[in-house]
Amino acid sequence: MTGKPTLAVVGATGAVGAVMLQILSQRADVWGEIRLIASRRSAGRKLAVRGEEVEVVALTEDAFDGVDIAMFDVPDEVSAEWAPIAAARGAVVVDNSGAFRMDPDVPLVVPEVNPHAVRSRPRGIVANPNCTTLSMIVALGALHAEFGLRELVVSSYQAVSGAGRAGVETLRAQLSLVAGTELGTKPGDVRRAVGDDTGPFPEPVVLNVVPWAGSLREDGWSSEEMKVRDESRKILGLPKLPVAVTCVRVPVITTHSLTVHARFQGEVTVDGAREILATAPGVVLCDDPAAGEFPTPADVVGTDPTWVGRVRRALDDPTALELFVCGDNLRKGAALNTAQIAELVAAEFRGEVSTRG
Ligand SMILES: NC(=O)c1ccc[n+]([C@@H]2O[C@H](COP(=O)([O-])OP(=O)(O)OC[C@H]3O[C@@H](n4cnc5c(N)ncnc54)[C@H](OP(=O)(O)O)[C@@H]3O)[C@@H](O)[C@H]2O)c1
């Protein structure tokens, strides 16, 4: 192929799509045409990308004519139906949904951790991990490469934008209902103020923490918890890694946080871990509790790296580390990682070696 590849952004009008358009406008421009696709509801809308207004077209088979790489930022069922159609029409699909992540014929790629996997894509589809997995996996991949991971115990503190535009609208509406009140002092007072419509969440999310994300799976686990376990195993190439996860929703607009207990093959030191984290690509070490320095969503939102703080060796296990990790769930957790994968594929189109690192 000559010239720059044509890119389609399917789901350009959504929460991830909006951040994707910003990212495509900020990163080195490796693209020829960028075509914006969404549902029929949005056809004809104009959105800004690379400083130009581009008209959104409806998702149809013809919309993929001439497309080299198609990013899918749409619900699972839309990807499940349309990604194979785009692939059959010759596009390499980079899919942000959960539809193909655990398909053995679809690589699950984090460019800082397993860039080589992108080249083996028998279905013409590459999957982007879930935002909760992505918010920690770059830091864990760097530690695993040095120390050899043996076990993970994780709790998440997930932002409402992880549930898309509906999640953000729900928290903003609830915030306006409780602002300036003394709610949060009696059982049920927040629930009564918020009413029955709690949007995509099972409980009020304002003035609250909700120990649930996703849908119910076997034995009380949530789909989000299963994704973190299964996807971490696949990305790290550790199919039997013991992983225990509890996913919790918190009233933060964007940026997921996680506490991580990571056990390794042998003894670890805090200095050794800090050295790795301080130099790992895509990771920022922010860890000076004496000076009140650790990452929080309020500072991390809108940034690209995975931020790590509170690095400690486990008190009762010299082979384990405790970490607090933050990552913007819409940037590295979704759009940025997808853009990085698409750039690896675009480099193949240009005949460059794309899988270093
Ligand atoms: N939010 C996150 O933190 C996050 C992180 C990682 C991955 N993801 C995944 O990324 C995907 C998008 O999530 P989101 O949060 O951006 O969702 P969202 O805000 O609800 O946006 C959904 C997008 O999909 C489009 N869409 C819906 N139904 C469609 C159809 N039948 N045909 C064509 N387009 C359709 C919508 O277009 P209209 O505007 O025209 O309806 C919109 O552009 C999901 O699979 C999600 O699981 C999300």
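What counts, and where the lines are drawn
- Throughout this description, residue numbers start from 1 for each chain and increase along the sequence as written.
- In view of the model being predicted, local features appear only for residues whose pLDDT reaches at least 70, and side-chain atom pairs are presented and counted only at 80 or more, with totals across whole chains, interfaces and linings using the full set of residues.
- Excluding hydrogens and water, the side-chain figures rest on all heavy atoms present in the structure.
- UniProt positions are given in the numbering used here, feature names are shortened, and annotations may be inferred rather than shown by experiment.
- Helix and strand definitions here come from DSSP, where helices need a minimum of 4 consecutive H or I residues and strands a minimum of 2 consecutive E residues; each element is numbered from the N-terminal end.
- The rule is simple: take the accessible area with a 1.4 Å probe, protein chains only, and divide by the maximum for that residue type; under 20% is buried, over 50% is exposed, in between is partly exposed.
- Only heavy atoms enter the contact rule, under which two residues are in contact if any of them lie within 4.5 Å.
- Here a polar contact is taken to be a pair of N or O atoms separated by no more than 3.5 Å, where protein atoms must pair a possible hydrogen donor with a possible acceptor and residues adjacent in sequence count only if both atoms sit in side chains.
- Paired strands, as defined in this entry, are two strands with at least two bridges between them according to DSSP.
- Axis definition: a line fitted to C-alpha atoms, over the contacting stretch in the case of helices. Angles run 0 to 180 degrees between N-to-C directions.
- Under the convention used throughout, the expected extent of a helix is 1.5 Å for every residue step, that is, one less than its residue count.
- Within this analysis, the arc is defined by the directions that extend from the helix axis to the C-beta atoms.
- One heavy atom suffices: a residue is near a molecule or strand as soon as one of its heavy atoms comes within 4 Å of it.
- Residues are grouped as follows: nonpolar covers Ala, Val, Leu, Ile, Met, Phe, Trp, Tyr, Cys and Pro; charged covers Asp, Glu, Lys and Arg; every other residue, Gly included, is treated as polar.
- Source of the domain bounds: an automatic or database domain assignment.
- In this description, buried area is defined as the sum, over both parts, of the accessible area (probe of 1.4 Å) that is lost when the two are combined.
- Salt bridges are defined as contacts in which a side-chain nitrogen from Lys or Arg sits within 4 Å of a carboxyl oxygen from Asp or Glu.

Mapped onto this numbering, the UniProt entry annotates "binding site: substrate" (unreviewed entry) at Gln158 and Arg249. In summary, the annotated positions, though distributed over 92 residues, converge in three dimensions, the widest C-alpha pair being only 4.6 Å. Among the secondary structure elements, Gln158 is positioned in strand E8 (residues 149–158). By relative accessible area, which is 1% here, Gln158 ends up buried. Sequence-distant contacts of Gln158, defined by excluding residues within four places in its chain, comprise Thr132, Ala213, Glu224, Cys247, Val248, Arg249, Val250 and His256. Within the structure, Gln158 has its side chain in polar contact with the side chain of Thr132 (distance 3.2 Å). Considering the arrangement of structural elements, one finds Arg249 in strand E9 (residues 243–249). Residues within four places of Arg249 in sequence aside, it is in contact with Gln158, Ala159, Val160, Gly162, Ala163, Phe201, Val205, Val209, Val210, Trp212 and Ala213.

If you walk across this open sheet you meet the seven strands as E3-E4-E2-E1-E5-E6-E7, and the pairing is mixed. Only two strands of the sheet have a single partner each, and these edge strands are strand E3 (46–49) and strand E7 (125–127). Averaged over all neighbouring strand pairs, the angle between strand axes comes to 30 degrees, with direction disregarded. Sheet analysis places E3 next to strand E4 (residues 52–58), joined by four bridges and oriented antiparallel. Bridge assignment links Val49 to a residue of E4, and that residue is Glu52.

On to helix H4 (residues 164–178), then. For H4, spanning 15 residues, the distance from its first C-alpha to its last is 22 Å, which sits close to the expected 21 Å at 1.5 Å a residue. Among all positions in H4, only Gly167, Val168, Thr170, Leu171, Gln174 and Val178 are buried. Down the axis of H4, the buried set is contained in an arc of 160 degrees. They therefore lie on one face. Among the exposed residues of H4, those pointing more than 90 degrees away from its buried face are Glu169 and Ser176. Along its buried surface, H4 packs onto helix H5 (189–194). Count one or two residues on from H4 and you reach Gly180, which has phi positive near 75 degrees.

Moving on, we come to the site of the ligand. Residues in close proximity to the ligand total 27 residues, the closest being Thr13, Ser39, Arg41, Ser42 and Val74. Here an oxygen atom of the ligand sits 2.8 Å away from a polar atom, N or O, in the main chain of Ala15. A distance of 2.5 Å separates an oxygen atom of the ligand from a polar side-chain atom of Ser39. Within the residue set of the shell around the ligand, elements represented by two or more residues are helix H1 (15–26), helix H2 (76–88), H4 and helix H9 (331–349). Here the residues of the shell around the ligand sort into 11 nonpolar, 12 polar and four charged.

It is worth spelling out the domain arrangement of the chain at this point. Domain boundaries assigned for the chain yield domain 1 (7–128 + 335–350) and domain 2 (133–159 + 209–327). Distance between the C-alpha centres of domain 1 and domain 2: 27 Å. Counting residues at the interface gives 12 residues for domain 1 and 13 residues for domain 2. Contact between domain 1 and domain 2 buries roughly 1100 Å² in total, counting both sides, with carbon and sulfur atoms accounting for 71%. If you sort the residues of domain 1 by the area they bury against domain 2, Met102, Leu108 and Val113 come out on top, with a joint share of 39%. Here domain 1 is connected to domain 2 by one salt bridge. For Glu231, the salt bridge identified is with Arg101, shortest N-O distance 3.3 Å. Here domain 1 and domain 2 share four residue pairs in polar contact (both at pLDDT 80 or more) between them.

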